[in-house]
Amino acid sequence: MINKTFNYINQKLLIIIFIFCIIIVCISLITVYSSRIIFTEIDRFEGIEIETVMNTCEKYNAAIYYPTTENNLVNRKIKSFIDTYIKRIENDTKYFIPNDDNDKFNLLIEYEIGRVNKDIVSFIFVINYSNKTASDTEIITKNFNLKSGKELTLDDFFDKGSDYSSVLCRKAIEFLQSNKEINDKQLNWFVDDITNSSLNSFDGYAFTNTHLSVYFNSNKLSSSYNEIYEFKVYWDDVKEFLKKNIYYNDVHNPESKSVSLNIDNGIEDDIENNLYFPAFNINITNNDKVIALTFDDGPHYIYTDKILKYLGKKNLVATFFVLGNRLEYNKELLIRMVDLGCEIGNHSLSHKQLTNIRDKEVINQIETVNKSIKRITGYDIRAVRPPYGLSNTKIQKLINKPIVLWNIDPQDWKSKDPEKIKQNVLSNVKSGSIILMHDIYETSVDASIMIIDELLKQGYKFLTVSQMLELQDTNTNGKIFTHKK
Ligand code: ZN
């Protein structure tokens, strides 16, 4: 009897142990499976939107672009990092009185994206902080797992037990030595830094599905240098140091290329035909009151979408002076603008003050946007609006297209009060007005909708800026604007 009971207990215990073991095995299998990092081909913009902070005051101009993702924890981390720079420029200019516009402080934050797969993303921020006397460029990389919100480091990819850090450092030194743009003084400094600080000497690193990018910033040596060097390590070249859970893309490329980081949307070859933005036939007589509504600094995935819907509903056109660095995120919006007969104008690549930069950079700021818009929509830019409306004869020559400013500025970016913005516009509006708005703020779009309703009631006809300029040029009664070929 005792033996029987014992057997029974024993049996029960064995079953419990067996179930327990199965659970353990399942958990470990799930852990191993879910910790796998599989590199996949993915559009690097997928699931990421671009946000902008555009602060202009008499003391400084700040143009800041940062990404937002589907993970709020990641978004909060990025925002707090961005906020430190806004606070810095506010503090630095607290007691500063500029003599003129060229005396202002400038802050420009741009970023690029690296992508390993849907979850693992790298943001490469390039921060330029300058005033009349000094210019400082900094590179800061942030790598995230968008699923968990965790910030990633090299240890998440490389086997900690391996000597991967000396391998990366050796490869980095070889790259720097082979780069002809780096002079001996810079090279010695970099090599010393790598020898002493190992991985901490890297100014940033980012992950993609084919390679690891390591960045070196010559600005940290001396403010007279302003280059960022990118050094690529293909995963296949360091495969024996990778963690076991890494399933990388088998890209064989033994050469690490020397690339100076250049944030743009890629310059494409010229497409031959010159198609200008279509405009629906609009019959204008001398008695008609005309207006051009213009939107700067977009497109924005929420607010531009909202204003386009309204323009579509009312069958009206407007002009969008877009920023080049937002175009890849918002291709569909650009195509909708064209479908509605709106005009797309060029507002530069990243809102740099053109009067403060070198000619080569001015051309880059304008040309890359012309080309991106042509590639995405098939149409050529007719009008350019330089950031802050600032240009000079030299810049006008470089741009070589009509420069279109505005004559009504309700300061919508400042007041953020739709009713106030509306009143400001309506109290100044007259036939021929070009109204400046910004489609990156909800309040501006809400104000625009109210303004449209009121101006329609007053009998205004809506034109794009190119139509308006053509009208002012010729002042022909009954001028018909057609789709130009
Ligand atoms: Zn602007």
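Residues numbered from 1 in each chain as written. Predicted model: local features only at pLDDT ≥ 70, side-chain atom pairs only at ≥ 80, totals over all residues. Heavy atoms only, no water.

Visitor: How should I be thinking about the nonpolar core in this particular structure?
Guide: Soluble globular proteins tend to bury their nonpolar side chains together. Membership of the largest hydrophobic core comes to 48 residues, with the highest contact counts inside it found for Leu311, Phe320, Ile435 and Leu455. With six residues, the top contributor of residues to this core is helix α11 (residues 442-457). Not counting residues up to four positions away in its chain, the partners in contact with isoleucine 435 are Ile291, Ala292, Leu293, Thr294, Ile408, Val425, Val429 and Leu455. (Core = buried A, V, L, I, M, F, W, Y, C linked by side-chain atoms within 4.5 Å. Buried < 20%, exposed > 50% of the residue type's maximum accessible area, 1.4 Å probe, protein only. Helix = DSSP H or I, 4+ residues; strand = E, 2+ residues; numbered from the N terminus. Contact = heavy atoms within 4.5 Å.)

Visitor: I would appreciate a short explanation of the environment of glycine 312 in the present structure.
Guide: Looking at where glycine 312 falls in the secondary structure, it is placed in helix α5 (residues 303-314). Residues glycine 312 and glycine 341, spaced 29 residues apart in sequence, show a C-alpha to C-alpha distance of 9.5 Å.

Visitor: I would appreciate a short explanation of the pattern of salt bridges in the present structure.
Guide: Two side chains with opposite charge may pair up if their charged atoms get near one another. According to the stated counting rule, one finds 23 salt bridges in the structure shown. Linking lysine 239 and aspartate 236 is a salt bridge whose minimum nitrogen-to-oxygen distance equals 3.7 Å. What makes lysine 239 partly exposed here is its relative accessible area of 44%. Each of the salt bridges in this network shares a partner with another, and the network as a whole consists of Asp305, Lys309, Glu332 and Arg336. (Salt bridge = Lys/Arg side-chain N within 4 Å of Asp/Glu carboxyl O.)

Visitor: It is not clear to me how the coordination of the zinc ion should be interpreted in this structure. Could you clarify?
Guide: Each donor-metal-donor angle would ideally measure 109.5 degrees in four-coordinate tetrahedral geometry, or 90 or 180 degrees in six-coordinate octahedral geometry. Bound to the zinc ion are the protein donor atoms Asp297 (OD), His347 (NE2) and His351 (NE2), situated 2.1 to 2.2 Å from the metal. Along the chain, the residues donating to the zinc ion are arranged with the sequence spacing D-x49-H-x3-H. Within this pair, whereas aspartate 297 is found in the loop between β13 (289-296) and α5, its partner histidine 347 is found in the loop between β15 (343-346) and α7 (359-377), the two being separated by 50 residues in sequence. For the pair aspartate 297 and histidine 347, one class covers both residues: buried. (Donors = N, O, S within 2.8 Å, 3.2 Å for Na, K, Ca; no water.)

Visitor: It is not clear to me how the packing of aromatic side chains should be interpreted in this structure. Could you clarify?
Guide: Within this structure, the stated rule accounts for 23 aromatic pairs. Note on phenylalanine 175 and phenylalanine 231: the rings are 5.1 Å apart at their centroids and 20° apart in plane angle, and the pair reads as stacked. Placement of phenylalanine 175 in helix α3 (residues 164-178) and of phenylalanine 231 in strand β9 (residues 228-234) is noted, with a sequence separation of 56 residues between them. The interplanar angle of 70° and the centroid separation of 5.6 Å between the aromatic rings of phenylalanine 190 and phenylalanine 216 together place this pair among those described as edge-to-face. With phenylalanine 190 in helix α4 (residues 184-197) and phenylalanine 216 in strand β8 (residues 211-217), this residue pair connects regions lying 26 residues apart in the sequence. Members of the aromatic cluster, connected to one another through ring pairs, are Phe45, Phe81, Tyr85, Tyr111, Phe123, Phe125, Phe144 and Tyr329. Above the face of the tyrosine 247 ring, arginine 36 is positioned so that its terminal group lies 5.2 Å from the ring centre. Here the basic side chain of arginine 88 rests over the ring of tyrosine 129, its NZ or CZ set 3.8 Å away from the ring centre. (Phe/Tyr/Trp six-rings, centres within 6.5 Å; stacked < 30°, edge-to-face > 60°. Lys NZ or Arg CZ within 6 Å of the ring centre and 35° of its normal.)

That is the geometry; function is a separate question.
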